[in-house]
Amino acid sequence: MNRLRLLLPFAAMLPACSTVTPSTVADEAISADLLRTHVAFLANDLLEGRGVGSRGDELAREYIASHLAAAGCVPGGPDGKWMQPVPILGITSTVTRGLAAKGKGGTATFEAPVNYTAVAGSPSASAAWQDAELVFVGYGIDAPEQSWNDFGDVDVRGKVLLVMNNDPERDPQRFGGKTRLYYGRWSYKFEEAARRGAAGVIVIHTNESAGYPFQVIQASHGRENFWLPFDEGTPTLAVRSWCSEDAARTLCVLGGHELDKLRERAELGNQPPVPLGVKVSLGIENTVRELQSANVVGLLPGTDPMLRDQYVVMTAHFDHLGIGTPRRDDAIYNGAVDNASGCAGMLALARAAAQLPERRRSMLFVAVTAEESGLLGSQYFAEHPTVPVKQMVANVNVDGLNVWGPTKDIEFIGYGKNSLSDVAEALAKRRGRVITPDSEPDKGIFYRSDHFNFARVGVPAAYFKGGHDFLDQPDNRKRMKASYTTVHYHQPSDELAPWWNLEGAAADLRVLFELLAATANADRAPTWTKGDEFEKLR
Ligand SMILES: [Zn+2]
């Protein structure tokens, strides 16, 4: 032991060391075999799908912490521990009084989940609308920087808001054209309505605006929803509801209005809300339970005294869906791609990062919990950071690695939003790779994984995904990748299989590693692109 320590200063002076670069470290430390061994454990049936608050959740965390330690990290959680405890509430809502509406055109009742669903937006034992006034508010967006306000100066306190999904798409100059911004997500609409004191929201579902069929909404009916503990000061919405397009038409007709005309008018922007002359009633009862999970935080201290209190943050969620409805006699939702693979990637990157001869800034490796329950672990980390948010210079997230074989390209969600893309592009090029932007900008993927919670507090963030341009058997590989999305995604069959080819994932991670190293060692920290929606938060 002592002898080793004595030798270290001399070892550091050996000329061989000068040839150690992030690139050689990446080549040596990141391998397909290493990734496979981590996935084999994390996606094993013994971990029972790593459901939030389960024994599998704990086992996964302990495994990740011990491998971060073996890699050379020190605990980065509160009180010098690996775990940052994350308290979670599970709320299950039952509709006890179905949606009923009345107006000058008559009355109507609706059936859940045939025409609508309703869930709690707060942890109260029950919630109700009793003859609440229904108001159409277009997209339900107040975006000063886009000069767009669907609320005018109308007071919507105590009212139920009928709102269109997505964000305006017709003007390419506004709301990113066809690209979906956060304003287009229903979570934004619920938050904005809560800020304005509304009693509830009914989102009008259309397949086009949601990107999925109404069956997806119906399937969520009666399921437990997960939340972080509610803050005293944060406004809540008593009831969140979604209805079919037909149900929305009926609601409008009861007040003598036409849904299509209302929507057409809303597209113009800055149109005042329309009280529909319809009163709605509904009642739900909620059961609330408390669960305990945690984020795992590993730290590699920086080597530059001037920069070591700045942090490059890497994230991957370790949770998945646990045990659920059996499919083909299998009830364990292993989440091998989603996201045992990403955790494996993080462990490989931590191991490589510990071997860097120079790491001017510190690095944090955060395995976050409850992503599948609404990005809760990363939200908790962003709201209760273990180091000041202003000192986090970047977040890079992985959620699902490429298990189908090497590609020419790497998909970069958040491409162009901040300076990380340019750096990644240059590094990829040196390895004969190309970075491609989000392949499905209309789906709003940037707002659907953990890096988003870092962007929301101003940290330049990006999300790395596998590419599409396969080097071997491209048609066959493309078909396998497509079948993952249509057949295995969020199903018990997302399992490690003998045919998995992790050479592509290893190659992608080497580029990602060089991006982390470059970010840790650069003179200047990354910045948001001028005019980006998150620039003002930095
Ligand atoms: Zn995931």
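Residues numbered from 1 in each chain as written. Predicted model: local features only at pLDDT ≥ 70, side-chain atom pairs only at ≥ 80, totals over all residues. Heavy atoms only, no water.

Caption draft 1: Main features of the overall build of the chain. Broken down by element type, the chain carries 15 helices and 20 strands. Relative to its 538 residues, the chain shows a buried fraction of 53%. Averaging the coordinates of the 55 positive side-chain charges in the chain and doing the same for the 65 negative ones gives two points 2 Å apart. (Helix = DSSP H or I, 4+ residues; strand = E, 2+ residues; numbered from the N terminus. Buried < 20%, exposed > 50% of the residue type's maximum accessible area, 1.4 Å probe, protein only. Lys, Arg positive; Asp, Glu negative; His and termini not counted. Charge placed at Lys NZ, Arg CZ, Asp CG, Glu CD.)

Caption draft 2: Focus on the pairing of strand β2 (residues 83-103). Bridging between β2 and strand β12 (residues 274-300) involves 18 bridges; their strand directions are antiparallel. Looking at β12, one finds that M83 is bridged to V296. Relative to strand β10 (residues 225-227), β2 runs antiparallel, the two sharing 3 bridges. Across the sheet, G90 pairs through a bridge with F226, a residue of β10. (Pairing = 2+ DSSP bridges.)

Caption draft 3: Expanded view of the layout of surface pockets. Put simply, the second largest pocket is a space of about 390 Å³. Around the second largest pocket sit 22 residues that line it, and L181, K417, Y447, D532 and E533 are the ones nearest its centre. Of the domains in this structure, domain 1 (17-73 + 305-528) and domain 2 (89-288) are the two that each give at least three residues to the lining of the second largest pocket. (1 Å grid on protein atoms, 1.4 Å probe; cavity = no way out; pocket = protein on both sides within 12 Å on 5 of 7 lines; lining within 4 Å. Points joined across faces, edges and corners; volume = space filled by probe spheres on them. Domains from an automatic or database assignment.)

Caption draft 4: Inspection of the environment of D260 at higher detail. Structurally, D260 can be placed in helix α9 (residues 259-266). Separated by 11 residues in the primary sequence, D260 and R249 place their C-alpha atoms 8.3 Å from one another. At a separation of 3.2 Å, a polar atom in the side chain of D260 contacts the side chain of R249. (Polar contact = N/O pair within 3.5 Å; in protein donor to acceptor, adjacent residues only side chain to side chain.)

Caption draft 5: How the structure looks around the confidence of the model for the chain. Within the chain, residue pLDDT values average 93, and 97% of them lie at 70 or more. Contacts from residues 1-16, a stretch scored under 50 in pLDDT, to residues over four places away or in other chains number 2 contacts. (pLDDT = per-residue confidence, 0-100. Contact = heavy atoms within 4.5 Å.)

Caption draft 6: Local environment of the domain arrangement of the chain. In terms of domain boundaries, the chain breaks down into domain 1 (17-73 + 305-528) and domain 2 (89-288). On the domain 2 side, the residues contacting the 12 residues of domain 1 number 10 residues. In total, about 1100 Å² of surface goes out of reach between domain 1 and domain 2, with carbon and sulfur atoms giving 61% of it. For the domain 1 face of the interface with domain 2, the top three residues by lost area are L376, D442 and Y447, together amounting to 41%. Linking domain 1 to domain 2 there are 1 salt bridge. Residue R456 is joined to E191 by a salt bridge in which the shortest nitrogen-to-oxygen separation is 3.1 Å. (Buried area = accessible area lost by both parts, 1.4 Å probe. Salt bridge = Lys/Arg side-chain N within 4 Å of Asp/Glu carboxyl O.)

Caption draft 7: Spotlight on the packing of helix α4 (residues 55-71) against helix α10 (residues 336-354). Where α4 meets α10, the axes come as close as 8 Å, and the angle between the chain directions of the two elements is 20°. Classified by the interaxial angle, the pair formed by α4 and α10 is roughly parallel. Considering how the two elements wind past one another, α4 and α10 form a crossing that is right-handed. On α10, the residues touching Y63, I64, H67, L68 and A71 of α4 are C343, L347, A350, R351 and A354. Looking at side-chain class alone, the contact of α4 with α10 contains 8 nonpolar, 1 polar and 1 charged residues. (Axes fitted to C-alpha atoms, helices over the stretch in contact; angles between N-to-C directions. Parallel < 35°, antiparallel > 145°, perpendicular 65-115°, else oblique. Left-handed = near helix turned anticlockwise from the far one by under 90°. Nonpolar A, V, L, I, M, F, W, Y, C, P; charged D, E, K, R; others polar.)

Caption draft 8: Quick peek at empty space enclosed by the protein. In total, this model carries 3 cavities of 30 Å³ or more according to the counting rule given. Each pocket or cavity is described by its volume, and for the largest cavity that value is around 90 Å³. Lining the largest cavity are V398, G400, L401, N402, I410, F464, K465, G466, A505, D508, L509 and L512. Secondary structure elements with two or more residues in the lining of the largest cavity: β20 (461-466) and α15 (503-521). Considered as a void within the structure, the second largest cavity measures approximately 40 Å³ in volume. In terms of lining residues, the second largest cavity is bounded by F136, V137, G138, D150, R265, A266, Q271, P272 and P273. In the lining of the second largest cavity, the residues fall into 5 nonpolar, 2 polar and 2 charged.

Caption draft 9: Representation of the environment of E264 within the structure. As for its position among the elements, E264 is in helix α9. Here the alpha-carbon distance between E264 and R55, two residues 209 residues apart in the chain, equals 51 Å. A polar contact is formed between the side chain of E264 and the side chain of R170, at a distance of 2.9 Å.

Caption draft 10: Local environment of the pattern of salt bridges. For the structure on display, the rule yields 23 salt bridges. For E245, the salt bridge identified is with R263, shortest N-O distance 2.8 Å. With a gap of 18 residues between them, E245 in helix α8 (residues 245-254) and R263 in helix α9 connect regions that are remote in the sequence. The class of E245 is partly exposed, set by a relative accessible area of 26%. Taken together, the shared-partner salt bridges in this structure form one network comprising D27, R430, R431 and E514.

Caption draft 11: Fine view of unusual backbone geometry. Of the consecutive residues A112 and P113, the connecting peptide bond is found in the cis state with omega at 0°. Checked against the element boundaries, P113 lands in the loop between β3 (106-109) and β4 (116-120). Residue N339 follows D338 across a cis peptide bond; omega there is 5°. Looking at the element boundaries, N339 is found in helix α10. With a phi close to 50°, F175 is a non-glycine residue in the positive phi region. Mapped onto the secondary structure, F175 falls in the loop between β8 (160-164) and α5 (186-195). One non-glycine residue, L375, lies in positive phi territory at about 55°. Locating L375 in the fold gives a position in the loop between β16 (362-368) and α11 (376-383).

Caption draft 12: Main features of the coordination of the zinc ion. Surrounding the zinc ion are the protein donor atoms H317 (NE2), D338 (OD), D399 (OD) and D399 (OD), which sit 2.0 to 2.6 Å from the metal. Coordination at the zinc ion is irregular: its 4 donor atoms span angles of 54 to 147° at the metal. Counting gaps between the donor residues of the zinc ion yields the pattern H-x20-D-x60-D. With H317 in strand β13 (residues 311-317) and D399 in the loop between β17 (392-398) and β18 (409-413), the pair connects residues that are 82 residues apart, well separated along the chain. According to the relative accessible area criterion, H317 is buried, its value standing at 0%. Judged by relative accessible area, D399 falls into the buried class, the value being 9%. (Donors = N, O, S within 2.8 Å, 3.2 Å for Na, K, Ca; no water. Tetrahedral: all angles 85-135°; square planar, octahedral: opposite > 155°, others 65-115°.)

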